[in-house]
Amino acid sequence: MTDQQTRQQQIKVRYSETSATFASQFIVNINGDELILNCSPGPLADPSSGESILPVDCRIGMTMSAARRLHDVLTRVLTQQGSAGEDVPPAGGSTGNVQQ
(Lines give C-alpha, C1' and ligand atoms only; values in the text may rest on other atoms or scores of the structure.)
Protein backbone atom coordinates (compact mmCIF):
# COMPACT_ATOMS: atom_id res chain seq x y z
CA MET A 1 0.00 0.00 0.00
CA THR A 2 1.10 3.53 -0.72
CA ASP A 3 1.22 6.24 1.94
CA GLN A 4 -1.84 7.89 0.41
CA GLN A 5 -3.89 4.67 0.60
CA THR A 6 -2.84 4.21 4.22
CA ARG A 7 -3.94 7.75 5.11
CA GLN A 8 -7.35 7.48 3.41
CA GLN A 9 -10.18 7.03 5.87
CA GLN A 10 -13.17 4.85 5.13
CA ILE A 11 -16.40 6.82 5.60
CA LYS A 12 -19.84 5.25 5.51
CA VAL A 13 -22.73 7.41 4.29
CA ARG A 14 -25.99 7.32 6.22
CA TYR A 15 -28.92 9.32 4.88
CA SER A 16 -31.14 10.81 7.59
CA GLU A 17 -33.54 11.84 4.81
CA THR A 18 -33.88 9.94 1.54
CA SER A 19 -36.30 12.22 -0.29
CA ALA A 20 -34.88 14.71 -2.77
CA THR A 21 -36.03 18.19 -3.74
CA PHE A 22 -35.89 19.03 -7.44
CA ALA A 23 -34.12 22.26 -8.37
CA SER A 24 -33.65 23.85 -11.78
CA GLN A 25 -32.94 27.45 -10.75
CA PHE A 26 -30.26 28.71 -8.38
CA ILE A 27 -29.45 31.99 -6.69
CA VAL A 28 -26.01 32.33 -5.11
CA ASN A 29 -25.31 34.83 -2.33
CA ILE A 30 -21.71 35.51 -1.28
CA ASN A 31 -21.00 37.20 2.02
CA GLY A 32 -17.33 37.36 2.92
CA ASP A 33 -16.05 33.81 3.31
CA GLU A 34 -19.51 32.25 3.06
CA LEU A 35 -21.55 31.11 0.06
CA ILE A 36 -25.30 30.46 0.24
CA LEU A 37 -26.84 28.35 -2.54
CA ASN A 38 -30.60 28.96 -2.85
CA CYS A 39 -32.40 26.24 -4.83
CA SER A 40 -35.77 26.53 -6.55
CA PRO A 41 -37.85 24.24 -8.76
CA GLY A 42 -38.59 27.21 -11.04
CA PRO A 43 -40.79 30.29 -11.31
CA LEU A 44 -44.49 30.21 -10.48
CA ALA A 45 -47.22 32.72 -11.29
CA ASP A 46 -48.73 34.42 -8.22
CA PRO A 47 -52.50 34.19 -8.81
CA SER A 48 -53.28 37.34 -6.83
CA SER A 49 -50.76 39.67 -8.47
CA GLY A 50 -49.89 37.89 -11.71
CA GLU A 51 -46.18 38.31 -10.91
CA SER A 52 -43.67 35.54 -11.38
CA ILE A 53 -42.35 34.27 -8.05
CA LEU A 54 -39.27 32.11 -7.60
CA PRO A 55 -39.92 29.93 -4.54
CA VAL A 56 -36.74 28.86 -2.72
CA ASP A 57 -37.22 25.36 -1.29
CA CYS A 58 -33.72 24.74 -0.01
CA ARG A 59 -30.78 26.86 1.16
CA ILE A 60 -27.29 25.43 1.57
CA GLY A 61 -24.58 27.41 3.32
CA MET A 62 -20.90 26.58 2.87
CA THR A 63 -17.42 28.00 3.10
CA MET A 64 -15.68 29.13 -0.07
CA SER A 65 -13.36 26.10 0.12
CA ALA A 66 -16.39 23.80 0.34
CA ALA A 67 -17.91 25.59 -2.68
CA ARG A 68 -14.69 24.97 -4.62
CA ARG A 69 -14.81 21.27 -3.67
CA LEU A 70 -18.46 21.11 -4.80
CA HIS A 71 -17.47 22.78 -8.08
CA ASP A 72 -14.66 20.23 -8.58
CA VAL A 73 -16.99 17.28 -7.87
CA LEU A 74 -19.72 18.58 -10.19
CA THR A 75 -17.19 19.28 -12.95
CA ARG A 76 -15.74 15.78 -12.63
CA VAL A 77 -19.17 14.08 -12.63
CA LEU A 78 -20.45 16.12 -15.58
CA THR A 79 -17.26 15.46 -17.54
CA GLN A 80 -17.58 11.72 -16.90
CA GLN A 81 -21.26 11.84 -17.86
CA GLY A 82 -20.34 13.71 -21.05
CA SER A 83 -17.76 11.10 -22.00
CA ALA A 84 -20.47 8.45 -21.58
CA GLY A 85 -22.32 9.99 -24.53
CA GLU A 86 -24.63 12.34 -22.61
CA ASP A 87 -25.07 15.93 -23.73
CA VAL A 88 -23.50 18.12 -21.05
CA PRO A 89 -23.99 21.90 -21.22
CA PRO A 90 -20.82 24.02 -21.30
CA ALA A 91 -19.52 25.57 -18.10
CA GLY A 92 -20.73 29.05 -17.28
CA GLY A 93 -24.32 28.47 -18.35
CA SER A 94 -27.10 30.88 -17.45
CA THR A 95 -28.68 28.74 -14.74
CA GLY A 96 -27.88 30.95 -11.79
CA ASN A 97 -27.55 34.41 -10.37
CA VAL A 98 -24.81 35.65 -8.08
CA GLN A 99 -25.55 38.29 -5.49
CA GLN A 100 -22.98 39.80 -3.18
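Scroll up to find the structure this text is about.
A. The side chain of Ser40, seen in detail. Here Ser40 is to be found in strand β2 (residues 34–40). Residue classification places Ser40 among the buried positions, given a relative accessible area of 2%. Within the local environment of Ser40, its side chain forms a polar contact with the backbone oxygen of Pro55, the two atoms lying 2.5 Å apart. Among all residues touching Ser40, those that are not within four sequence positions of it are Phe22, Ala23, Ser24, Gln25, Leu54, Pro55 and Val56.

B. Representation of the environment of Thr63. By the element assignment, Thr63 lies in strand β5 (residues 58–63). Note on Thr63: relative accessible area 42%, which makes it partly exposed. Sequence spacing of Thr63 and Gly32 is 31 residues, and the spatial spacing of their C-alpha atoms is 9.4 Å. Looking at Thr63, its side chain comes within polar contact range of the side chain of Ser65, at 3.2 Å.

So, how was this worked out
Residues numbered from 1 in each chain as written. Predicted model: local features only at pLDDT ≥ 70, side-chain atom pairs only at ≥ 80, totals over all residues. Heavy atoms only, no water. Helix = DSSP H or I, 4+ residues; strand = E, 2+ residues; numbered from the N terminus. Buried < 20%, exposed > 50% of the residue type's maximum accessible area, 1.4 Å probe, protein only. Polar contact = N/O pair within 3.5 Å; in protein donor to acceptor, adjacent residues only side chain to side chain. Contact = heavy atoms within 4.5 Å.

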